[in-house]
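# Report on the structure
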Amino acid sequence: MCADRLASTFHLDYGTILGSNGISLLGWVATNMMYYYSWNAFSSDVPLWFSFAAAPLINLMRMLPMTVRGIGSTDMFIVFLFRTVGMPESVAFAGS
């Protein structure tokens, strides 16, 4: 019953839905490529697939505004993640 009521109030056409999803997808790809090029500027050890896999986790960590002597939780998380693919800690921190 609630689903029928909700469906009756939904008035977007398919072009608008596809357009908004397309813009969202382009923004997601652009953000992940920004991460990739940021790390690639310091080291070529980061594969593209790893950058796209780590980006959602990094975005979640950005919601925790904690710092340890000026180093944020996101920076520490990036160093932890990219150490697993063989990137030196100093390079991972510089890319963060």
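I will try to describe carefully the structure that is included in this document. (Residues numbered from 1 in each chain as written. Predicted model: local features only at pLDDT ≥ 70, side-chain atom pairs only at ≥ 80, totals over all residues. Heavy atoms only, no water.)

### Things to note about the pattern of salt bridges
Following the criterion strictly, the structure yields 1 salt bridge and no others. In this structure, R83 and E89 form a salt bridge, with 2.9 Å as the shortest nitrogen-oxygen distance. A residue is classified by how much of its surface remains accessible, and E89, at 41% relative accessible area, is partly exposed. (Salt bridge = Lys/Arg side-chain N within 4 Å of Asp/Glu carboxyl O. Buried < 20%, exposed > 50% of the residue type's maximum accessible area, 1.4 Å probe, protein only.)

### Side note on helix α3 (residues 48–61)
An ideal rise of 1.5 Å per residue puts 20 Å on 14 residues; α3 measures up with 20 Å between its terminal C-alpha atoms. Listing the buried residues of α3 in full gives F50, S51, A54, A55, I58 and M61. Contact partners of the buried residues in α3: α2 (14–40) and α4 (73–83). (Helix = DSSP H or I, 4+ residues; strand = E, 2+ residues; numbered from the N terminus. Expected span 1.5 Å × (residues − 1). Contact = heavy atoms within 4.5 Å.)

### Quick notes on the packing of α3 against α4
One can describe the packing of α3 onto α4 by two numbers: an axis separation of 10 Å at closest approach and a directional angle of 155 degrees. For the element pair α3 / α4, the angle class is roughly antiparallel. Note that α3 runs across α4; the crossing there is right-handed. Residue-level contacts link F50, A54, L57, I58 and M61 of α3 to S73, T74, F77, I78, L81 and F82 of α4. (Axes fitted to C-alpha atoms, helices over the stretch in contact; angles between N-to-C directions. Parallel < 35°, antiparallel > 145°, perpendicular 65-115°, else oblique. Left-handed = near helix turned anticlockwise from the far one by under 90°.)

### Quick look at the nonpolar core
With 16 residues, the main nonpolar core has W39, A54, I58, L81, F82 and M87 as its most contacted residues. For this core, the secondary structure elements donating two or more residues are α2, α3, α4 and α5 (89–95). Beyond its immediate chain neighbours, meaning those up to four positions away, W39 contacts V46, S51, I58, I78, F82, M87, A92, G95 and S96. (Core = buried A, V, L, I, M, F, W, Y, C linked by side-chain atoms within 4.5 Å.)

### Concerning a nonpolar patch on the surface
Together, L25, W28 and V29 make up an exposed nonpolar region whose accessible area comes to about 270 Å². Take W28: it is sitting in helix α2. (Patch = residues over 30% accessible without salt bridge, like charges linked within 9 Å, V, L, I, M, F, W, Y side chains within 5 Å. Areas by Shrake-Rupley, 256 points an atom, 1.4 Å probe, with all protein chains shown as cover.)

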